[in-house]
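Each chain is listed here by its residues.
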Amino acid sequence: IFEILNARGVKLKQVELLKNYLFKYLKPKALLDTYKSKWAYLEQKLEGVDLDDYYLHMFRCWYYKNRLKKEQLFEITKEQFKENNQKELSHFFDFFIDGAEYYYRIDSVKGDDVEKEVYEYFKLKRNKQVRSVLLALKMKCEEKVLNTDSYHQYLILLRNFWVTFNLDNGSSNRIDGDVYILS
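Quick look at the structure, then. (Residues numbered from 1 in each chain as written. Predicted model: local features only at pLDDT ≥ 70, side-chain atom pairs only at ≥ 80, totals over all residues. Heavy atoms only, no water.)

## A word on helix 5 (residues 86–108)
At 3.6 residues per turn, the α-helix brings residues three or four places apart onto the same side.
And step 1. For helix 5, which comprises 23 residues, the first-to-last C-alpha distance of 33 Å matches the rise-based estimate of 33 Å (1.5 Å per residue) to within 8%.
And step 2. Looking at helix 5, one finds that the buried residues are Leu89, Phe92, Phe93, Phe95, Phe96, Ile97, Gly99, Ala100, Tyr102, Tyr103, Ile106 and Asp107.
And step 3. Those residues of helix 5 that are buried lie in contact with helix 1 (14–25), helix 2 (32–45), helix 3 (51–62), helix 6 (113–124) and helix 7 (131–142).
And step 4. Downstream of helix 5 by a residue or two, Val109 has a phi angle that is positive, lying close to 55 degrees. (Helix = DSSP H or I, 4+ residues; strand = E, 2+ residues; numbered from the N terminus. Expected span 1.5 Å × (residues − 1). Buried < 20%, exposed > 50% of the residue type's maximum accessible area, 1.4 Å probe, protein only. Contact = heavy atoms within 4.5 Å.)

## Notes on the side chain of Asp53
And step 1. Residue placement: Asp53 occurs in helix 3.
And step 2. With a relative accessible area of 11%, Asp53 lands in the buried category.
And step 3. Here Lys70 takes part through its side chain, which lies 2.6 Å from a polar atom of the side chain of Asp53.
And step 4. In contact with Asp53, other than residues within four places in its own chain, are Lys70, Tyr103 and Lys128. (Polar contact = N/O pair within 3.5 Å; in protein donor to acceptor, adjacent residues only side chain to side chain.)

## Quick look at the environment of Lys29
And step 1. Relative to the elements of secondary structure, Lys29 occurs in the loop between helix 1 and helix 2.
And step 2. Note on Lys29: relative accessible area 42%, which makes it partly exposed.

## A closer look at unusual backbone geometry
And step 1. Note the cis peptide between Lys27 and Pro28, where omega equals 0 degrees.
And step 2. Note on placement: Pro28 falls in the loop between helix 1 and helix 2.
And step 3. In this structure, Val109 takes a positive phi of about 55 degrees despite not being glycine.
And step 4. Within the fold, Val109 resides in the loop between helix 5 and helix 6.
And step 5. Given a relative accessible area of 14%, Val109 falls into the buried group.
And step 6. Phi at Arg126 is positive, roughly 55 degrees, even though this residue is not glycine.
And step 7. Summarising the element assignment, Arg126 is placed in the loop between helix 6 and helix 7.

Next comes the structure, spelled out in structure tokens:
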């Protein structure tokens, strides 16, 4: 019962469940202080950000599951790692922590001129669902899978698509499935 409720009987957030799970199963245990330090960095970097939103957007980049909902995140995470694949769990932890810097930039509208222009547009539109795609693009650029010019072209294309879609009185909720697939 303490896996899903805190000491006061309040249901834990998905990210709190993830944190408990990771600290329980990450090995070697001698690195637990390092894991805790990295997690503290993430919480400090994303102070003021809904960490369940961050978890959702990062997990969509990690693992595609059609129509993944925030409320399902932890159960799907446990299911993915149920075979207790230590290497994969450690890789996910690093991926999750490393994404904090990129997410911070998106949320705070920081980056180069093109990034700031695109991030600002989505912030003004209060569109958070696209963050999975923005994260995936940024990560692929950092991994040198995309060069900077291609990365910028994709950002502009994504922004222009949303502008056109909204001019046509579309509802961004109608294209959730496409966003999941793209990320």
